[in-house]
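Structure assessment
Residue strings, one per chain:
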Amino acid sequence: MDQRLNSPDWKEQASHFDRAAPFVPGAQILRVAGFRFHYILKDSLIGQAFGALGLRQAVKVLDVGCGRGVLLDRLGASYGTIGFGIDVSAESLKQARQEAQSGNQVARSDARRIPFADDSFDLVVSMDVLEHIPESNRAIDEMVRVIRPGGTLVCYAVSTRNRYTFNWFLETIALRLGTDLRTRACHEPELLIDLSVISSRLPRVGCAIE
């Protein structure tokens, strides 16, 4: 069931990802193979993070900003997790339902109003999502709210430090050549994540940072 989205700031994001659902190379292979294969360095590091969690059969996982559901399928293939996902893009969710390799349940929802009860999940994940959310602290609060005591939150987001990365270099060169990669990725500079703000907020909402 889809949650009605009333916030006007979601329209641009939802429209963007309806036109260009997040692309993962070799998506169907990765869905089946889980984390046995990696396609970029970031993916390898994320796989290592999940491997260190000691995930087991039937762990309940929520993917906030699940897109086409590839991550949920990979976790299911590797660890036997039970997957749930939310996203603002109706087209991405349509693909998630069509392509899923396991029985993931997905719904259209605002990450700042997650439609699940407190303490519902063992693990909440969010990859490349927080940098698209105005008032991202509200999304963090919601993600923490639905994690059971002793559960885990794993986030990856584009931060304000992006200007020191190879991606920033490529984006800058592309911009000088007339192609705005930031706009194409729907990355508004003012929404990029400040790591110090996140690091100071998580302990206040009951999370220990590892």
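Residues numbered from 1 in each chain as written. Predicted model: local features only at pLDDT ≥ 70, side-chain atom pairs only at ≥ 80, totals over all residues. Heavy atoms only, no water.

Here we come to the packing of aromatic side chains. Going through the model one piece at a time under the given rule, you end up with four aromatic pairs. Look at Phe84 and Phe116: their rings are 5.9 Å apart centre to centre, the planes differ by 80 degrees, and that puts the pair in the edge-to-face class. With Phe84 in strand β2 (residues 82–87) and Phe116 in the loop between β3 (105–108) and β4 (121–127), this residue pair connects regions lying 32 residues apart in the sequence. Judged by its relative accessible area of 12%, Phe84 is buried. Ring geometry for Phe116 against Phe121: centres 5.0 Å apart, planes inclined by 85 degrees, an arrangement best described as edge-to-face. An aromatic cluster of three or more residues is present, and its members are Phe84, Phe116 and Phe121. (Phe/Tyr/Trp six-rings, centres within 6.5 Å; stacked < 30°, edge-to-face > 60°. Helix = DSSP H or I, 4+ residues; strand = E, 2+ residues; numbered from the N terminus. Buried < 20%, exposed > 50% of the residue type's maximum accessible area, 1.4 Å probe, protein only.)

Right, let's get into the sheet that holds strand β5 (residues 147–156). Sheet strands pair via backbone hydrogen bonds, and the direction of the pair is either parallel or antiparallel. Read across the sheet, five strands follow the order β3-β2-β1-β4-β5 without closing on themselves; strand pairing throughout is parallel. Two strands close off the open sheet at either side, each with one partner strand: β3 and β5. Taking the axes of each pair of neighbouring strands and ignoring which way they run, one obtains an average angle of 15 degrees across the sheet. For strand β1 (residues 60–64) and β2, the ladder comprises five bridges, and the chain directions are parallel. Considered in β2, the bridge of Lys60 is made with Ile82. (Pairing = 2+ DSSP bridges. Axes fitted to C-alpha atoms, helices over the stretch in contact; angles between N-to-C directions.)

Glancing now at the packing of helix α3 (residues 41–51) against helix α4 (residues 70–79). It is the contact of α3 with α4, at a shortest axis distance of 12 Å, that shows an interaxial angle of 50 degrees. Here α3 lies oblique to α4, going by the angle between them. Between α3 and α4 lies a crossing of right-handed hand. Residues Asp43, Gly47, Phe50 and Gly51 of α3 form the contact with α4, whose own contacting residues are Leu71, Arg74, Leu75 and Tyr79. (Parallel < 35°, antiparallel > 145°, perpendicular 65-115°, else oblique. Left-handed = near helix turned anticlockwise from the far one by under 90°. Contact = heavy atoms within 4.5 Å.)

Counting along an α-helix, one turn takes 3.6 residues, and residues three or four places apart therefore face a common direction. Along helix α6 (residues 136–145), the residues that are buried comprise Ser136, Ala139, Ile140, Glu142, Met143 and Val144. Buried residues along α6 sit in contact with β1, β4, β5 and α9 (195–204).

If you look at the biggest cluster of nonpolar residues, it comprises 20 residues, and the most contacted ones within it are Leu62, Val64, Ile114, Val124, Leu130, Ile140 and Met143. Taken together, the elements giving at least two residues each to this core come down to β1, β2, β4, α6 and α9. Per-element tally for this core: the top contributor is α6, with four residues. In this structure, Leu130 is in contact with Ser136, Ala139, Ile140, Met143, Cys155, Ala157, Leu191 and Ile193, ignoring residues within four places of it in sequence. In this structure, Phe50, Cys66, Leu72 and Leu93 belong to the second largest nonpolar core, which totals 17 residues. (Core = buried A, V, L, I, M, F, W, Y, C linked by side-chain atoms within 4.5 Å.)

Among the six residues in β2, five count as buried, and that is most of the element. As a crossover connection, the stretch from β1 through α4 into β2 is right-handed. Taken together, β2, helix α5 (residues 90–99) and β3 constitute a β-α-β crossover, and its handedness is right-handed. (Right-handed = clockwise from strand over helix to strand, strands pointing away.)

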